[in-house]
Amino acid sequence: ELKVEQNPLFLSMQEGKNYTIYCNYSTTSDRLYWYRQDPGKSLESLFVLLSNGAVKQEGRLMASLDTKARLSTLHITAAVHDLSATYFCAVDPSSGTYKYIFGTGTRLKVLA
Amino acid sequence: EPEVTQTPSHQVTQMGQEVILRCVPISNHLYFYWYRQILGQKVEFLVSFYNNEISEKSEIFDDQFSVERPDGSNFTLKIRSTKLEDSAMYFCASSPLDRRETQYFGPGTRLLVL
């Protein structure tokens, strides 16, 4: 059974600080996705990573994928309060099925 | 900007009753999905749908569940006889033919089974 694990599960950080969220998965996949979810809201697509070594950046967030290590990271640079949300990674376990398996989520709180 | 819409936003039902959750995907999208999220837990894939057929389904999507595209715009999820453990947020998503890897999620329907 494919497992997708994120750590940390909870993260409280000060504004202006940097931090990294990790997403490990247990099977071969070269497709990984990051989503953001605000409380009581839907999922917003942040990044689509489709190959080993893929790196994408949007504002203060940068995501990368290492398919050999089965690891993706979401790096936060100089956090601001607006980044407070839950972040999920999702893996497509069989290329082309789009049957996403989501991680456990990381609840991020950025303190002013 | 086009969005996926879902109705109702909230649904309360009695155990054993049938519910139908409705979704209107983005108009030029061809792939449709249902996910659920039990409160405080991760998002779980239920089913994907393309060309009027189920493409993939998870172990959760048993005989109590069915999906349908009754017309050119709606995509529905039916739960035939709801159980307490069906209480969750149900998200519909859609993706276009040329960028299937990007799924656009609707706002969700919160289902509470009493």
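Reading the values: the criteria
Residues numbered from 1 in each chain as written. Chains lettered and ligands numbered in written order. Predicted model: local features only at pLDDT ≥ 70, side-chain atom pairs only at ≥ 80, totals over all residues. Heavy atoms only, no water. Disulfide = S-S within 2.5 Å. Helix = DSSP H or I, 4+ residues; strand = E, 2+ residues; numbered from the N terminus. Buried < 20%, exposed > 50% of the residue type's maximum accessible area, 1.4 Å probe, protein only. Contact = heavy atoms within 4.5 Å.

### Remarks on the state of the cysteines
Scanning the model with the defined rule gives two disulfides over all chains in all. Cysteine 23 of chain A shares a disulfide with cysteine 89 of chain A; S-S distance 2.0 Å. For the disulfide bridge between cysteine 23 of chain A and cysteine 89 of chain A, the dihedral angle about the S-S bond is near 80°, and by the sign convention the bridge is right-handed. Here cysteine 23 of chain A, found in strand E3 (residues 19–25), pairs with cysteine 89 of chain A, found in strand E9 (residues 85–91); they are 66 residues apart in sequence, far enough to count as distant. Across the pair, cysteine 89 of chain A and cysteine 23 of chain A agree in class, each one buried. Between the sulfur atoms of cysteine 23 of chain B and its disulfide mate cysteine 92 of chain B the distance is 1.9 Å. Because the sign of the S-S torsion sets the handedness, a value of about -65° for the bond joining cysteine 23 of chain B and cysteine 92 of chain B places this disulfide among the left-handed ones. One end of the pair, cysteine 23 of chain B, is in strand E3 (residues 19–24); the other, cysteine 92 of chain B, is in strand E9 (residues 88–95), with 69 residues separating them in the sequence. Take cysteine 23 of chain B and cysteine 92 of chain B: they sit in the same class, and that class is buried.

### With respect to the environment of proline 8 of chain A
Residue and element names in this part refer to chain A. Mapping proline 8 onto the fold places it in the loop between strand E1 (4–7) and strand E2 (10–14). Sequence separation of proline 8 and threonine 106 is 98 residues, and the distance between their C-alpha atoms is 6.1 Å. If near-sequence neighbours (up to four positions away) are discounted, proline 8 is found in contact with Tyr19, Thr20, Gly105 and Thr106.

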